[in-house]
Amino acid sequence: MRIPKKNVAFCLSLFSPEFPAPFSSRILRFSTGFPAKIRPIHTAGFNQSNSHYSKDVGAGTILGDKASQSHLMANSNGVEGLHVWSSPEGGCKIDIGKQIFCNRSLNMKNILAVGFDMDYTLAQYKPETFESLAYEGTIKKLVYDLGYPQELLEWTFDPKYMVRGLVLDKKRGNILKMDRHKYVKVAYHGFRELSKEDKVGTYGNTLIRDSFDEPDYALIDTLFSLAEAYLFAQLVDYKDNNPGKVPKGADYSHMYKDVRAAVDLCHRDGTLKQMVAKDPKRYINEDTSIVPMFKMLRDSGRSTFLVTNSLWDYTNIVMNFLCASRTLDGSLSCNFDWLQYFDVVITGSAKPGFFHEENRANIFEVEPESGMLLNTDNGTPMPQMGSTSPEVLLNALNKSCRVFQGGNVAHLHKLLSIESSSQFLLLLGWRTMLVVPELEREVKLLWELRDMRKQLRLLRNERDLVEDQIHHLKWSLKFESFRDDQKQKMTSALGELESQRDQARLAHQQAQRECHQKVEELPFSIRLIFHKIWGQLMKTGYQNSRFAHQVERFACLYTSQVSNLSLYSPDKYYRPSEDFMPHEFHILPL
């Protein structure tokens, strides 16, 4: 083991919103002091026990690392020139889409162990193939197992329609995007946009605002949830247009329940797992920086571990693909070479329960070659009864990386030579890094549009100033006495100001349109656009979105892909940018 037998200063866990809560809500709670709400739900792993937390989170800071603008845009036309930090060509300026952003200060010198999740963190699944596969499987379960019409088999999935951070109103059949204060800014009933009046009437006039939590709402915070959200919207439209064709008594809420049940059935029968295992390249993005990142972390003296809900057989296939163990003819060679990059691997972890020390789940050691489970005494090998040979047990003990199934976080601490206690959150101070794949595209577009966005701020300020003058003149005309000639001048001035206000409003609206149209003029390599329906992932109008709210609360660091860690020194001190209150923001130069 690389970790000395003493209390560790910090552990760093890397995760995606597919499986965030096991690390984020339990580990970050000690630093924020705010309780996280826990909501079990099926996730994108491949066994029945998979689940994750839903999060009700608070505001943090903004982009970090205190890099200059020139640093942010270095190498912005591509990632061809990016090299692992430890290589002779490394240590260069980093493309903005590959940067790591900081919410809370984190000194990597204090990080002695780095932990990874596999699904949607190390393994980034392709939505156009993997999510489509899940969608098609769910449709078949709805038709053949839950009695929905066969015409659903003709439906198709648009992997680009939904985004994360949305909320499904199960009872009303609505899909909502809201800001960090839980004000609904965009609302659709199925695929039909709600009018402003309907939106305000439903969600804007309550004295006690909805919490937008289960059981009446479903949070779409994972990439895997996008397919079920899209299918739910399709079913809402289908029910509205064909009320007699859906199963009897199936209201919107019942249809959502059926979708969830169909998703669970897809996972229980192993269809998804089998298809991915047959052709990983079709369903998982390749990332040649993952192995150099592992090597650099190991060479820096840090311990590394993997905790995944997937079982050993599937984990081995995926990790072999990611670590590119290939034969001379280029075909994938399935072996155990990737284990050299880890001290401990725990499969079948059944998160989030794994991270509760009171969880009494047994932990078994996995013999990699046979997949045999060996009984242990809280991680310590025990003499095996029956047909298990001493040689198998001896081989398992001689491996530099030990593989386990089940257990809980206390077992992990013991395996990493970390003493655990009821105060382990405070003693260990686990830190988190969030993987947000959408970030790379969005941040590049924000950079290209930076001058236009600055102009939008100026136009908005101009409009506010004119409106203030209008309000003052109207007040004076209403409550003060003036001669007729003075009233006439003031009325004339009021008309001019109102004309200026209208012009400022039109100029602002036009600039907003041009901001989106300008994308067509950008170089093809960065010709991106915010989502035409839901807009920016991290924004709703001028406010941070609910999804951004979560990122601020739960992630010390966040970035577009896990291997971006390889572009920075393993001893880097990540520092957040300065927070700004509204009273500070407007006195700073643009």
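The rules behind each value
Residues numbered from 1 in each chain as written. Predicted model: local features only at pLDDT ≥ 70, side-chain atom pairs only at ≥ 80, totals over all residues. Heavy atoms only, no water. Helix = DSSP H or I, 4+ residues; strand = E, 2+ residues; numbered from the N terminus. Polar contact = N/O pair within 3.5 Å; in protein donor to acceptor, adjacent residues only side chain to side chain. Contact = heavy atoms within 4.5 Å. Core = buried A, V, L, I, M, F, W, Y, C linked by side-chain atoms within 4.5 Å. Buried < 20%, exposed > 50% of the residue type's maximum accessible area, 1.4 Å probe, protein only. Domains from an automatic or database assignment. Pairing = 2+ DSSP bridges. Salt bridge = Lys/Arg side-chain N within 4 Å of Asp/Glu carboxyl O.

Enquirer: Explain the side chain of Q124 here, please?
Expert: Inspection of the secondary structure puts Q124 in the loop between strand 4 (111–116) and helix 3 (127–144). Among the polar contacts listed, one links the side chain of Q124 to the backbone oxygen of Y120, at a separation of 2.7 Å. With near-sequence residues (within four places) excluded, Q124 lies in contact with L223, Y283, I284, N285, V435 and P437.

Enquirer: Sorry, what's going on with the nonpolar core here?
Expert: Inside soluble globular proteins, nonpolar side chains tend to come together where they are buried. The biggest cluster of nonpolar side chains holds 88 residues, and the ones touching the most others in it are F116, L122, M162, F294, M319, W338 and F342. When residues of this core are assigned to domains, at least three fall in each of domain 1 (127–278) and domain 2 (284–430).

Enquirer: What exactly am I supposed to notice about helix 9 (residues 290–299) here?
Expert: Turn by turn, an α-helix covers 3.6 residues, leaving residues three or four places apart pointing in a common direction. Counting buried residues in helix 9 gives 7 out of 10 residues, a clear majority hidden from the surface. Every buried residue belonging to helix 9 is among I290, V291, M293, F294, M296, L297 and R298, and all of these are buried. One or two positions beyond helix 9, positive phi appears at G301, with a value near 90 degrees.

Enquirer: Is there a simple way to explain the sheet that holds strand 8 (residues 192–193) in this structure?
Expert: Sheet strands pair via backbone hydrogen bonds, and the direction of the pair is either parallel or antiparallel. One open sheet holds the 5 strands; their spatial order is 8-7-6-5-9, and the pairing between them is antiparallel. Here the strands that pair on one side only, and so sit at the sheet edges, are strand 8 and strand 9 (217–220). Here strand 6 (residues 174–178) pairs with strand 7 (residues 184–189) via 5 bridges, running antiparallel. Among the inter-strand pairings, M178 is bridged to a residue of strand 7, identified as V184.

Enquirer: Even after reading the chapter, I still don't get the pattern of salt bridges, so can you show me in this structure?
Expert: Opposite charge on two side chains permits them to pair, given that their charged atoms come into close proximity. Applying the stated criterion across every chain yields a total of 24 salt bridges. As a salt-bridge pair, E286 and K281 come within 3.9 Å of each other at their nearest N and O atoms. Judged by relative accessible area, E286 falls into the partly exposed class, the value being 46%. Within the structure, one salt-bridge network assembled from shared partners comprises D95, K98, E440 and K444.

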